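An overview of the molecular structure
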Amino acid sequence: LPTSTVTVTPNNPVFTGETVNLKCVIKSDHRNWRYEWYKDKTNNTVILQTSDHYTDRDTLTIRGVNESDQDYYWCKGQRDGRPQSSHFSSEVYLYVK
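Right, let's walk through the structure included here.

The rules behind these values
- Residues numbered from 1 in each chain as written.
- Predicted model: local features only at pLDDT ≥ 70, side-chain atom pairs only at ≥ 80, totals over all residues.
- Heavy atoms only, no water.
- Helix = DSSP H or I, 4+ residues; strand = E, 2+ residues; numbered from the N terminus.
- Buried < 20%, exposed > 50% of the residue type's maximum accessible area, 1.4 Å probe, protein only.
- Contact = heavy atoms within 4.5 Å.

For the rest of this paragraph, the subject is the environment of L22. Inspection of the secondary structure assignment puts L22 in strand β2 (residues 20–27). Accessibility expressed as a relative area gives 0% for L22, which makes it buried. The sequence separation of L22 and T7 amounts to 15 residues, and the corresponding C-alpha distance is 5.6 Å. Ignoring any residue separated from it by four or fewer positions in sequence, one finds L22 in contact with V6, T7, V8, W37, D58, T59, L60, I62 and Y73.

Within the secondary structure layout, R82 lies in the loop between β7 (71–78) and β8 (92–94). R82 sits 81 residues away from L1 along the chain, and the two C-alpha atoms are 9.4 Å apart.

Written out as structure tokens, the structure reads:
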């Protein structure tokens, strides 16, 4: 399966009120990926849904970051056809000051 990685802009730590972009990069020649974003929430993994606070696609944008956003994040790609998914990315810890 293709591998995926997460990059954070701006670099850690980020400050409350800033806008943070987490980008999911899938190393693959295939296209038409759908991106799933995960957050740890104290060992209770949740899939992040698109809302005013988060936007999806390959970049997860957190607008007006606050202390509750400090957590582990990771991503995974899904698509129709083969391969149907990518590996989970490694976790990135978002540190909010």
